[in-house]
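One-letter residues, chain by chain:
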Amino acid sequence: MIVVTGATGGLGGATVEHLLTRVPADRIAVSVRDPAKARHLADRGVRVRQGTYEEPAALRDSFAGAEQVLVVSGNDPAADLAGLHRNAVEAAVAAGARRIVYTSQQGAVPGNPYLPSEFHIATEVILAESGVAWTALRNGAYGPLDQVLGPWQPTGEIVQPEDGPVPYTDRDDIAEATAALLAGDRAVDGPVTFAAPDAVTFDDLAKIASDLTGRTVRRVVVDDEQWVADQVASGVPEPTARLLLSWHQAGRAGYFAQTGPLLAELLGREPRSAAARLAAQVAA
């Protein structure tokens, strides 16, 4: 039995869809906040149970029978995410799971200025102390490229703070590879990098965008504090803007530069590159 948390969210939901192509539905279970939102999975034979990281007792019940548990990391910056993840890890251990797989973050190492690194590092320590086999998927940045590039298509400019090389990774590739790992015979222990093989900068992406569109797309570097002020002026809360700035600061310091072969090995093909994703965006 493979139990997936966060199965009504983007990454968890996509992982379940890929699992359904690899293993029988009765080997898959999901632990979700609102079972009504997982009706489409129940109708296909997936076991659906209510469970949240805030409710340890319900979580233990939802993990019953689990051999593996995929713990999808929380994303509420105001929550005690390390504490909530501890609840999930302890529930998985209590349910008798033999392996816990956790969706961590690339560069989850001490010193990384990106603020969420702290709870990912803490969660990996919790996993290491759990007494069961564990895997931390240090996923490369997998949000839509527009989230990091800004409105470059109408403006012809990528206006962001100083950056560094990042292997921007397709979310569906991460979900498919996660499903392959959960459903396969290969065991991967400890923290591993789950990222596309090409790390690119905003300068690289500006050139790629220029080649794709046939017009010049400029890379404009903005001072950190000016960028925060611009974000706040556009309606972004300042704490959110500063959290996003910490991501750029981590990138320029090289914390997201690492790539690796594991994603391609599990997919059995090359992951989608940032260039391919930009090309699809331009075509659309």
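Note: the structure precedes this text.
Residues numbered from 1 in each chain as written. Predicted model: local features only at pLDDT ≥ 70, side-chain atom pairs only at ≥ 80, totals over all residues. Heavy atoms only, no water.

K.L.:
Hey, could you run me through the sheet that holds strand β6 (residues 133-139) in this one?
P.N.:
Within a sheet, each strand pairs with its neighbour through backbone hydrogen bonds, oriented either parallel or antiparallel. One open sheet accounts for seven strands, arranged β3-β2-β1-β4-β5-β6-β8; its pairing is parallel. Every interior strand has two partners, whereas the edge strands, β3 (47-50) and β8 (190-194), have only one. Each strand of the sheet is rotated relative to its neighbour by a mean of 20°, with strand direction disregarded. Where helix α1 (residues 10-19) meets the sheet, it contacts β1 (2-5), β2 (28-32), β4 (68-71), β5 (99-105) and β6, and its direction lies at approximately 155° from that of β1. Set on the sheet, helix α5 (residues 117-128) makes contact with β5, β6 and β8; between it and β5 the angle comes to about 165°. (Pairing = 2+ DSSP bridges. Helix = DSSP H or I, 4+ residues; strand = E, 2+ residues; numbered from the N terminus. Axes fitted to C-alpha atoms, helices over the stretch in contact; angles between N-to-C directions. Contact = heavy atoms within 4.5 Å.)

K.L.:
Explain the pairing of β4 to me, please; I cannot follow it from the model alone.
P.N.:
Within a regular strand, side chains alternate between the sheet's two faces. The side-chain alternation of β4 yields two buried faces, one formed by Gln68 and Leu70 and the other by Val69 and Val71. The pairing of β1 with β4 spans three bridges and is classified as parallel. Pairing of Ile2 across the sheet is with Gln68, part of β4. After leaving β4, the chain enters helix α4 (residues 81-94) and then returns to the sheet as β5, a path that is right-handed. (Buried < 20%, exposed > 50% of the residue type's maximum accessible area, 1.4 Å probe, protein only. Right-handed = clockwise from strand over helix to strand, strands pointing away.)

K.L.:
Hey, could you run me through the packing of aromatic side chains in this one?
P.N.:
Pairs of aromatic rings are described using the distance from one ring centre to the other and the angle between the two planes. Tallying each qualifying case throughout the model produces three aromatic pairs. Here the aromatic cluster, defined as three or more aromatic residues joined through ring pairs, consists of Tyr114, Tyr168, Trp247 and Phe256. (Phe/Tyr/Trp six-rings, centres within 6.5 Å; stacked < 30°, edge-to-face > 60°.)

K.L.:
Which parts of the structure should I look at to understand the nonpolar core?
P.N.:
One broad rule of soluble globular proteins: the nonpolar side chains tend to lie buried together. Counting 33 residues, the largest nonpolar core has Val4, Val30 and Phe194 as its most contacted members. Looking at this core, the elements with two or more residues in it are β1, α1, β2, α8 (171-183), β8 and α12 (262-267). Looking at this core, the element that brings in the most residues is α8, giving seven residues. Among all residues touching Val30, those that are not within four sequence positions of it are Val4, Ala7, Val16, Leu41, Val46, Arg47, Val48 and Arg49. Ranked by size, the runner-up nonpolar core spans 23 residues in total, among them Tyr53, Phe63, Ala82 and Leu84. (Core = buried A, V, L, I, M, F, W, Y, C linked by side-chain atoms within 4.5 Å.)

K.L.:
What should I look at first to understand α1 in this one?
P.N.:
Taken across its ten residues, α1 has eight buried, putting it largely inside the fold. Taken together, the buried positions of α1 are Leu11, Gly12, Gly13, Ala14, Thr15, Val16, His18 and Leu19.

K.L.:
Explain the pattern of salt bridges to me, please; I cannot follow it from the model alone.
P.N.:
Pairing of side chains with opposite charge becomes possible as their charged atoms draw close. Overall, the coordinates contain 15 salt bridges when judged by the stated rule. Note that Glu157 is salt-bridged to Arg218, the shortest N-O span being 2.4 Å. Within this pair, whereas Glu157 is found in strand β7 (residues 157-160), its partner Arg218 is found in strand β9 (residues 218-221), the two being separated by 61 residues in sequence. Residue classification places Glu157 among the partly exposed residues on the basis of a relative accessible area of 26%. (Salt bridge = Lys/Arg side-chain N within 4 Å of Asp/Glu carboxyl O.)

K.L.:
I would appreciate a short explanation of the packing of α1 against α8 in the present structure.
P.N.:
In a pair of packed helices, the angle between the axes and the distance between the axes together describe the arrangement. Interhelical geometry of α1 versus α8 gives an angle of 50° and a closest axis separation of 8 Å. Considering their axes alone, α1 and α8 lie oblique with respect to each other. Pair α1 / α8 crosses with right-handed handedness. Within the contact between the two elements, α1 uses Gly10, Leu11, Ala14, Thr15, His18 and Leu19 and α8 uses Arg171, Asp172, Ile174, Ala175, Glu176, Thr178, Ala179, Leu182 and Ala183. Among the residues making up the contact of α1 with α8, the classes are represented as eight nonpolar, four polar and three charged. (Parallel < 35°, antiparallel > 145°, perpendicular 65-115°, else oblique. Left-handed = near helix turned anticlockwise from the far one by under 90°. Nonpolar A, V, L, I, M, F, W, Y, C, P; charged D, E, K, R; others polar.)

K.L.:
Looking at this structure, I do not really get the packing of helix α10 (residues 224-233) against helix α11 (residues 238-252). What am I missing?
P.N.:
Packing of α10 against α11 brings their axes to within 9 Å, and their N-to-C directions diverge by 145°. In this structure, α10 crosses over α11, and the sense of that crossing is right-handed. Judged by residue contacts, Asp224, Glu225, Trp227, Val228, Gln231 and Val232 of α10 engage Glu238, Ala241, Arg242, Leu244, Leu245, His248, Gln249 and Arg252 from α11. Looking at the contact of α10 with α11 residue by residue, the classes come out as six nonpolar, three polar and five charged.

It is worth stressing that arrangement in space is one thing and function is another; only the former is reported here.
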